Amino acid sequence: RSSSASARPRKFRITITRTKEERKPLGLETEALVGTAGKLTGNRGALRIVRVSEGGLVEVWNRHHLHRQVRAGDLLVEVNGLRGWPDELLAAITERSPELNFEIVRPA
């Protein structure tokens, strides 16, 4: 592999299913990113994942999908087809849709 190939960000998608019976939190701590995130992701902004909390739905996803684990430092760039400003992404997450489809970018 050339060094330029390894320097590219990695993109992947995950789907988190929320049920009414299961009241687990998503378990993500995020911070808003604008400016440089747009250059990296082609978006207006992103949510940088600061921490994946134990017991949350994302941590459960990570346990079952070892090859696509969400980690601190990853960028959440799309929620259910929406790309936008960080506050728009957060609003899409807090809607009570039963499924959350995320596009994640892992910076190189």
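Residues numbered from 1 in each chain as written. Predicted model: local features only at pLDDT ≥ 70, side-chain atom pairs only at ≥ 80, totals over all residues. Heavy atoms only, no water.

### Quick look at the environment of Arg-13
Defined as follows: Strands are runs of DSSP state E lasting at least two residues, helices are runs of H or I lasting at least four, and both sets are numbered from the N terminus onward. Think of it in three bands: with a 1.4 Å probe and only protein chains considered, a residue is buried below 20% of the maximum accessible area for its type, exposed above 50%, and partly exposed in between. Residues are treated as being in contact if the distance between any of their heavy atoms lies within 4.5 Å.
By the element assignment, Arg-13 lies in strand S1 (residues 10-17). A relative accessible area of 43% means that Arg-13 is categorised as partly exposed. When the C-alpha positions of Arg-13 and Glu-103 are compared, they lie 4.5 Å apart, and in sequence the two are 90 residues distant. For Arg-13, the contacting residues outside a window of four places in its chain are Arg-68, Glu-78, Phe-102 and Glu-103.

### Things to note about the environment of Lys-20
Along the chain, the position of Lys-20 falls in the loop between S1 and strand S2 (28-34). Residues Lys-20 and Pro-98 lie 78 residues apart in sequence; the distance between their C-alpha atoms is 8.1 Å.

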